[in-house]
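# A closer look at the structure
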Amino acid sequence: MDPHLIRRLRKRLVDNIDGPLLAVTLAIMGFGLATIYSATVYASDRTAAQLMNMGAGLLAMWLVAQLPPQKLMRFAVPLYIIGVVLLVLVFPLGIKVNGARRWLSLGVTRIQPAEILKIAMPLMLAWYFHKHEAVLRMRHYAVAGLLLAVPFALIAKQPDLGTAILVGAAGFYVIFFAGLPWKVIVGMIAAGAAATPFVWSMLHDYQRKRILTLIDPSTDPLGSGYHIIQSTIAIGSGGPFGKGWLQGTQTHLEFIPERHTDFIFAVFSEERGLVGNSILLILYLLLIARGLMITANASTLFARVLAGSITLSFFTYVFVNMGMVSGILPVVGVPLPFMSYGGTALVTLFLGVGILMSIQSHRMLVKQ
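Residues numbered from 1 in each chain as written. Predicted model: local features only at pLDDT ≥ 70, side-chain atom pairs only at ≥ 80, totals over all residues. Heavy atoms only, no water.

## Let's talk about the overall build of the protein
Looking only at helices and strands, the protein features 16 helices and three strands. Expected size for 368 residues packed as a compact globule is a radius of gyration near 21 Å; at 21 Å, the protein falls within 12% of this value. Expressed as lengths along the three principal axes of its C-alpha atoms, the size of the protein is roughly 65 × 60 × 40 Å. Scored against the burial criterion, the 368 residues of the protein give a buried share of 47%. Taking all contacts inside the protein whose residues are at least 6 apart in sequence as the whole, residues at least 24 apart take part in 72%. When the accessible surface of the protein is summed, it comes to about 17500 Å², and 69% of that surface belongs to carbon and sulfur atoms. Between the centroid of the 28 positive side chains of the protein and the centroid of its 15 negative side chains there is a distance of 13 Å. (Helix = DSSP H or I, 4+ residues; strand = E, 2+ residues; numbered from the N terminus. Rg over C-alpha atoms; globule rule 2.2 N^0.38 Å. Buried < 20%, exposed > 50% of the residue type's maximum accessible area, 1.4 Å probe, protein only. Contact = heavy atoms within 4.5 Å. Areas by Shrake-Rupley, 256 points an atom, 1.4 Å probe, with all protein chains shown as cover. Lys, Arg positive; Asp, Glu negative; His and termini not counted. Charge placed at Lys NZ, Arg CZ, Asp CG, Glu CD.)

## Details of a nonpolar patch on the surface
A surface patch of nonpolar side chains, amounting to about 350 Å² of accessible area, comprises Ile 81, Val 85, Leu 89 and Leu 93. With respect to the helices, strands and loops of the structure, Leu 93 is situated in helix H5 (residues 76-93). Given the relative accessible area of 56%, Leu 93 is considered exposed. (Patch = residues over 30% accessible without salt bridge, like charges linked within 9 Å, V, L, I, M, F, W, Y side chains within 5 Å. Salt bridge = Lys/Arg side-chain N within 4 Å of Asp/Glu carboxyl O.)

## Some words on the side chain of Arg 259
Within the element layout of this structure, Arg 259 appears in the loop between helix H13 (249-252) and helix H14 (264-297). At a separation of 3.0 Å, a polar atom in the side chain of Arg 259 contacts the main-chain carbonyl oxygen of Ala 39. When residues no more than four places from it in sequence are discounted, the contact partners of Arg 259 are Ala 39, Thr 251, Glu 254, Ile 264 and Val 267. (Polar contact = N/O pair within 3.5 Å; in protein donor to acceptor, adjacent residues only side chain to side chain.)

## Description of the side chain of Ser 38
Summarising the element assignment, Ser 38 is placed in helix H2 (residues 19-39). Take Ser 38: its relative accessible area is 0%, and that puts it in the buried class.

## With respect to the packing of aromatic side chains
Enumeration according to the criterion identifies eleven aromatic pairs in this entry. Relative to Phe 129, the ring of Tyr 128 lies with its centre 5.8 Å away and its plane at 70°, an arrangement referred to as edge-to-face. Under the relative-accessibility criterion, Phe 129 is labelled buried at 0%. A centroid spacing of 5.6 Å and a plane angle of 80° characterise the contact between Phe 176 and Trp 182, whose relative ring orientation is edge-to-face. Cation over ring: Arg 46 sits above Tyr 341, and NZ or CZ is 5.5 Å from the ring centre. (Phe/Tyr/Trp six-rings, centres within 6.5 Å; stacked < 30°, edge-to-face > 60°. Lys NZ or Arg CZ within 6 Å of the ring centre and 35° of its normal.)

## Some remarks on the pairing of strand S2 (residues 100-105)
Two strands pair when backbone bridges link them, and strand S1 (residues 95-97) and S2 are joined in this way by three bridges, in the antiparallel orientation. Looking across to S2, one finds that Ile 95 is bridged to Trp 103. Here S2 folds back onto strand S3 (residues 110-111), and the loop between the two strands holds four residues, one of which, Gly 107, carries a positive phi near 90°. (Pairing = 2+ DSSP bridges.)

## Comments concerning the confidence of the model for the protein
Residue-level pLDDT values for the protein average 87, and 91% of them are 70 or greater. The secondary structure element of the protein with the lowest average pLDDT is helix H1 (residues 3-14), at 69, and the one with the highest is H14, at 96. (pLDDT = per-residue confidence, 0-100.)

## Examining unusual backbone geometry
Here the amide bond leading from Gln 158 into Pro 159 is cis, since omega sits at 0°, within 30 degrees of zero. Along the chain, the position of Pro 159 falls in the loop between helix H7 (138-157) and helix H8 (161-177). You will see that Glu 258, though not glycine, has its phi angle at about 45°, which is positive. Note on placement: Glu 258 falls in the loop between H13 and H14. For Glu 258, a relative accessible area of 43% gives the class partly exposed.

## What about the packing of helix H3 (residues 45-65) against helix H16 (residues 344-361)?
Helices that pack against each other are described as a pair by the angle of their axes relative to one another and the distance between those axes. Taken N-terminus to C-terminus, the directions of H3 and H16 make an angle of 25°; their axes are 7 Å apart at the nearest point. Here H16 runs roughly parallel to H3, going by the angle between their axes. For the pair H3 and H16, the crossing hand works out as right-handed. The residues of H16 that touch H3, namely those facing Gln 50, Asn 53, Met 54, Ala 56, Gly 57, Leu 58, Ala 60, Met 61, Val 64 and Ala 65, are Leu 346, Val 347, Phe 350, Leu 351, Val 353, Gly 354, Ile 355, Met 357, Ser 358 and Ser 361. Looking at the contact of H3 with H16 residue by residue, the class counts come to 14 nonpolar, six polar and no charged. (Axes fitted to C-alpha atoms, helices over the stretch in contact; angles between N-to-C directions. Parallel < 35°, antiparallel > 145°, perpendicular 65-115°, else oblique. Left-handed = near helix turned anticlockwise from the far one by under 90°. Nonpolar A, V, L, I, M, F, W, Y, C, P; charged D, E, K, R; others polar.)

## A short note on helix H12 (residues 226-237)
Here H12 contains twelve residues, and its C-alpha end-to-end distance of 16 Å stays within 8% of the 16 Å for a straight helix at 1.5 Å per residue. Of all the residues in H12, the buried ones are Ile 228, Gln 230, Ser 231 and Ala 234. Among the residues trailing H12, Gly 239 stands out with phi positive, at a value near 60°. (Expected span 1.5 Å × (residues − 1).)

See below:
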C-alpha cells in the first residue's frame, strides 16, 4: 500500500483525537472491563457485550470529534425536542422494568430516552445562551430554567431520580458557566431548603426509605439497608491492597447487589483495595482536569459552557456513585463512568468525550 496514503489515513484517524483524554478514558475502561468480567464470571457474555458497547462508544466519540462546535450547535434544538417527545412517549408506550417505566422498544433493541437528555440538555442550553450572549438578562436564565425543568420533571416521574439528578446537574452547570449571579444561586439554595417538606411528600416510599436507610442502614438490614451494608463490607474487606482479581468473596458469593452496574465500585474496591481505589481516583481527576483545561481554552461561549458542563457532569457521576456505594449518599442508581456495564449510558459518556475533543481540536476557530 502507498506509504503516503497510509500517512493520510492515519492523520485522518487521529487528527481531532485528544491524546491525553483518550489515554485516561481507555485506562479507566480497562479497569472497568476487568471488573465486569470478575463480577459476571458466571455470565461471561456480559463482558463480550460490554466490548461491543465500548466499540460503539468509541466510534460515536470519533464521529463527534470530527465535527466543529458550530456544527454541533445545529443538533441542539432537534435533539432536545426529540428527547422530550420520547420522554413523553415513555408513559403510554414504555417498557416497565423493576417498577419503573424508562425504556422504549425499537424492535431489535430498546433505548432509554432519558440518556439522550444527558447530551441534549447541555447542548440546548449552550446554544440558547450563545444565541443571546450579547443581551443576557435574568429572563434568559428563567427561560433556561424552564427548559431544564421540563425534562427533569418527566424523568423524575418515571421514576428515575438518579438520571434526573444527572440531567439537572448538566443543565445547571451550563447556566452557572453562563454567568448566573451568585445571589440567585444563594436564593435558589434557600428556596430549595424551604421546599424540603414539599419535596419529601412528593417522593415515592422506596425513595424515602433510601434516605432514611442512609442515616442508619441497620434499621432494615435485609431490605432497604441491604445494598449499603453489603457494599461497605466489600469496600472495607479489600484492605490496603485488595484480595486480588477474581478473588472477591463478597462478589463471588453474590452478596453485592447490581455488582456489574451501579455497585461495580464495591467489586473493584474488594479486589484492588485502597491502592487500586487511589489509582482509579487519580485517573478520574486527570479526566476532569483535562476537561477543565479544554473548557478554559474554548474560544466561544457555546464551547466554554458546553465543555464545562460535560466535565462537571463526569465529576457528578463519580461523586454520586462512589458516595452511594460507600454509604455517604442515598442509593439513586447512578453508574460509574466507563466502569459500569451499560449500552446507552456508555455511548452517552463517549459522546461527551467526543464533544470535548471537538472543542479542543477546533478551539482556534473564531465565533461565527
